[in-house]
Amino acid sequence: MTSGANADSKTTVALDVMSGDDSPRSRIRAAVKALKRYSSLHLLLVGDRQLIEGYLSDIDYSDRSRYTLIHANKTVAMHDKPSLALRGKKDSSMWKVLELVSTGEAQACVSAGNTGALMAMGRYVLKTFAGIDRPAIAASVPTVNGSTLLMDMGANVDCTSMHLYQFAIMGAQLAASVHGVESPKVALLNIGTEEMKGNEQVRLAHHLLLEKLEVQQGLDYIGFVEGHDIFSSRADVIVCDGFAGNVALKTGEGVANLVRDGLRSIFQRSLLNRFLYFLISPLLKELNRKIDPVLHNGASLLGLQGIVIKSHGGADEEGFYRAICQAVQEAQNDVPAKIAQEVEERLL
């Protein structure tokens, strides 16, 4: 595991520019945008060298000292089975960005590829911290007053109470390190707030959190929250298994699209409605920026001994750029080292 960087020192991030649904062109354009934002950033662009050079030649960015091209022969496809990708694609762009983090050549990596394959390869190449059974995917979702971390987002469909407790510890540290939240409020996602509600794993995790955190500082466990609380700013971290988390995230994205499409349809119905849209369009744009999933792209694979950011497979240039920004922030705040310390103090 590599040590982090402060805001003024060089930060190196490896990008898997080949994996994902969108064209590599959009990911390379996102990389150039990130280089323009962060003067201390150096990028390792991993993939088909000839293809990357072709895309770079079309972009107005000539400072070759800011990036390095690393060739990879293969790409992990979105439909590849994780086990087969792990065995047969060790010369892929996904594998190589993880190796670059493992060897210390990069402080973080970003991929928009197959989630299962990225998780499997990450566990094999980087390993998990002692005391952590499984990595978890933590993603930021918009709320009334900002955002909250929701985890797990799909890496672990079935979780024990101890897994949920471990997720709470890691999520709280990420909220504190990157989002600057002092004593993060942590909650368990449940079907009700009463103690008898929920399945056995959630109820046991609730008692485990109450027991373990009674004598520990730096984390404020507030109990159960329900689905409608996810976007209410009640908690800084909301913990659940990967099945519930993935459904909740995609339901939220669907509702955001419903709101946008519904408003667009309403304002196109008549000349008066179009005039009203003209009057309030600045307010609607502000709302769209708040709920747009693209602006919250970039999920952290917590528990691995290195920074791995999972971008949405269909992310466009802006979305992948946001994922790179997440990687830079975690590297500059030395998130893995802080999680390792937190795990040692609370779990070992």
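Structure: see above.
Since the model is a prediction, treat every value here as computed from it, not as a measurement.

**Looking at empty space enclosed by the protein**
So, step 1. Considering all chains together, one arrives at two cavities of 30 Å³ or more under this definition.
So, step 2. Counted as a void, the largest cavity has a volume near 70 Å³.
So, step 3. In terms of lining, the largest cavity is formed by Ser300, Leu301, Leu302, Gly303, Leu304, Gly306, Ile307, Val308, Glu330, Val335, Pro336 and Ile339.
So, step 4. Of all the secondary-structure elements, those providing two or more residues to the lining of the largest cavity are β10 (299-302), β11 (307-310) and α11 (335-347).

**Quick notes on the pairing of strand β7 (residues 185-189)**
So, step 1. Counting buried residues in β7 gives four out of five residues, a clear majority hidden from the surface.
So, step 2. Direction of pairing for β7 relative to strand β8 (residues 220-225): parallel, over a ladder of five bridges. Paired with valine 186 across the two strands is tyrosine 221, which belongs to β8.
So, step 3. For β7 and strand β9 (residues 237-239), the ladder comprises three bridges, and the chain directions are parallel. Looking at β9, one finds that alanine 187 is bridged to isoleucine 238.

**Some remarks on unusual backbone geometry**
So, step 1. Residues methionine 151 and aspartate 152 are joined by a peptide bond in cis, for which omega reads 5°.
So, step 2. Turning to its location among the elements, aspartate 152 is positioned in the loop between β6 (146-151) and α6 (161-178).
So, step 3. A positive phi is found at serine 183, a non-glycine position, where the angle reads about 50°.
So, step 4. Looking at the secondary structure, you find serine 183 in the loop between α6 and β7.

About the thresholds
Residues numbered from 1 in each chain as written. Predicted model: local features only at pLDDT ≥ 70, side-chain atom pairs only at ≥ 80, totals over all residues. Heavy atoms only, no water. 1 Å grid on protein atoms, 1.4 Å probe; cavity = no way out; pocket = protein on both sides within 12 Å on 5 of 7 lines; lining within 4 Å. Points joined across faces, edges and corners; volume = space filled by probe spheres on them. Helix = DSSP H or I, 4+ residues; strand = E, 2+ residues; numbered from the N terminus. Buried < 20%, exposed > 50% of the residue type's maximum accessible area, 1.4 Å probe, protein only. Pairing = 2+ DSSP bridges.

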